[in-house]
Amino acid sequence: MLLLLGALVFCGAWLVFQWRAVAQERRIPNAIEALLGLVTNFFDTLGIGSFATTTTMFRLFTLVPDELIPGTLIVGHALPVVVQAMFFISAIEVDPWQMTGLIAGCVAGGWVGAGVVAGLSRRAVRLGMASALLVAAVFMLLGMTGLMPVGGTALELSEGAFVLALALNVIFGALLTLGIGNYAPSLVLFSLLGMDPRAAFPIMMGSGAFVATIAGVRFIRTGRFAGRAALGLALGGIPGVIIAAWLVKSLPLDVLRWLVLIVVIYAAVSLFRAAAARRS
């Protein structure tokens, strides 16, 4: 477990090094960008997710061009997700070898996915993000209506279940780079396979953290991200995670989840309309 935590720290440091090496704009993020990072990562730690909500706010306030949103999400949320992963991996016990294998599969998918997304046109990115938001909305609706599987009590997977989870985790990693968070699909998968949902958290968060840092390096190298907005997400996001992890024990989130669902669907529809109206 210590090796895994050490690898997380290394990947986070690698991302920061690569980011600083290519950074050209030194402008400080504005209040909206930093506040967005704090709020989205606060609620991400509580299980709402950050990609769909951040995408919606980016478009609402026209902070980032559509084609740069996937890279900005990955780069900006990477360090806050690393902090989340360190909390969950330290607090919840799960089979370390299975967790490492599943994380490695997710990282492989994320590396390939980042290369594909970085080369997409604006219209393709819009269509991809709109589809991603609709998928996120479906999973959110399943969770809010109690249709998500409740899971079992296992802290590790059988051999057959592990192979299936590994294959799907590769896909989840690739989809992460397009803006489909791995929280909801991973929770559904591990619950269907009989795993205790609490044991799924370090796997989900660890996978997300490694994919975000490694794929983030690829987005940085291609320049397909908005540097100032990403910095705002990171600077606001880290304290948001810490506040959620240490100060909040319970929070009435039902109304907020329905509100988030509405704005996510709105953002998806607007992206579909923008893609249909203009080919670029």
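About the thresholds
- Residues numbered from 1 in each chain as written.
- Predicted model: local features only at pLDDT ≥ 70, side-chain atom pairs only at ≥ 80, totals over all residues.
- Heavy atoms only, no water.
- Helix = DSSP H or I, 4+ residues; strand = E, 2+ residues; numbered from the N terminus.
- Rg over C-alpha atoms; globule rule 2.2 N^0.38 Å.
- Buried < 20%, exposed > 50% of the residue type's maximum accessible area, 1.4 Å probe, protein only.
- Contact = heavy atoms within 4.5 Å.
- Areas by Shrake-Rupley, 256 points an atom, 1.4 Å probe, with all protein chains shown as cover.
- Lys, Arg positive; Asp, Glu negative; His and termini not counted.
- Charge placed at Lys NZ, Arg CZ, Asp CG, Glu CD.
- Expected span 1.5 Å × (residues − 1).
- Polar contact = N/O pair within 3.5 Å; in protein donor to acceptor, adjacent residues only side chain to side chain.
- Bend = angle between axes of the 7 residues up to and from the residue.
- Core = buried A, V, L, I, M, F, W, Y, C linked by side-chain atoms within 4.5 Å.
- Disulfide = S-S within 2.5 Å.

Undergrad: Please clarify how the overall build of the protein should be interpreted in this entry.
TA: For the protein, the helix and strand inventory stands at eleven helices and zero strands. The order of helices and strands in the protein, counted from the N terminus, is α-α-α-α-α-α-α-α-α-α-α. Computed over its C-alpha atoms, the radius of gyration of the protein comes to 17 Å, within 12% of the 19 Å expected for a compact globule of 280 residues. Based on the C-alpha atoms only, the size of the protein along its principal axes is roughly 50 × 40 × 35 Å. Within the protein, the proportion of its 280 residues that are buried is 52%. A sequence separation of at least 24 residues applies to 88% of the contacts in the protein between residues at least 6 apart. Counting only carbon and sulfur atoms, one obtains 70% of the accessible surface of the protein, whose full area is about 12,700 Å². Between the centroid of the 17 positive side chains of the protein and the centroid of its 11 negative side chains there is a distance of 17 Å.

Undergrad: For this particular structure, what's the right way to read helix α2 (residues 31–45)?
TA: If you check α2, its first and last C-alpha atoms are 21 Å apart, about what 15 residues at 1.5 Å a residue would give, namely 21 Å. Those residues of α2 that sit buried are Glu33, Leu36, Gly37, Thr40, Asn41, Phe42, Phe43, Asp44 and Thr45. The backbone nitrogen of isoleucine 32 lies 3.1 Å from a side-chain oxygen of the residue at the head of α2, namely asparagine 30.

Undergrad: What am I meant to see in helix α4 (residues 69–91) here?
TA: Side chains of residues three or four places apart in an α-helix project in the same direction, reflecting 3.6 residues per turn. Counted at 1.5 Å a residue, the expected span for α4 with its 23 residues is 33 Å, and the 32 Å between its end C-alpha atoms agrees. When the local axis directions of α4 are compared, the greatest deviation, roughly 45 degrees, occurs at alanine 78, which is followed within four positions by the proline proline 80. With 19 of 23 residues buried, α4 lies mostly within the body of the structure.

Undergrad: How should the nonpolar core be read in this particular structure?
TA: Nonpolar side chains tend to gather and get buried jointly when the protein is soluble and globular. With 73 residues, the main nonpolar core has Leu8, Phe58 and Phe190 as its most contacted residues. The greatest single-element share of this core, amounting to 15 residues, is contributed by helix α9 (residues 197–222). When neighbours within four sequence positions are excluded, phenylalanine 190 is seen to be in contact with Leu102, Leu157, Ala165, Met195, Ala200, Ile203 and Met204.

Undergrad: What should I look at first to understand the state of the cysteines in this one?
TA: A covalent bond between the sulfur atoms of two cysteines is what we call a disulfide. Summed over all chains, the structure comprises zero disulfides. Among the cysteines around cysteine 106, which has no disulfide bond, cysteine 11 carries the closest sulfur, lying 13 Å off. On the basis of relative accessibility, which here comes to 0%, the residue cysteine 106 falls in the buried class.

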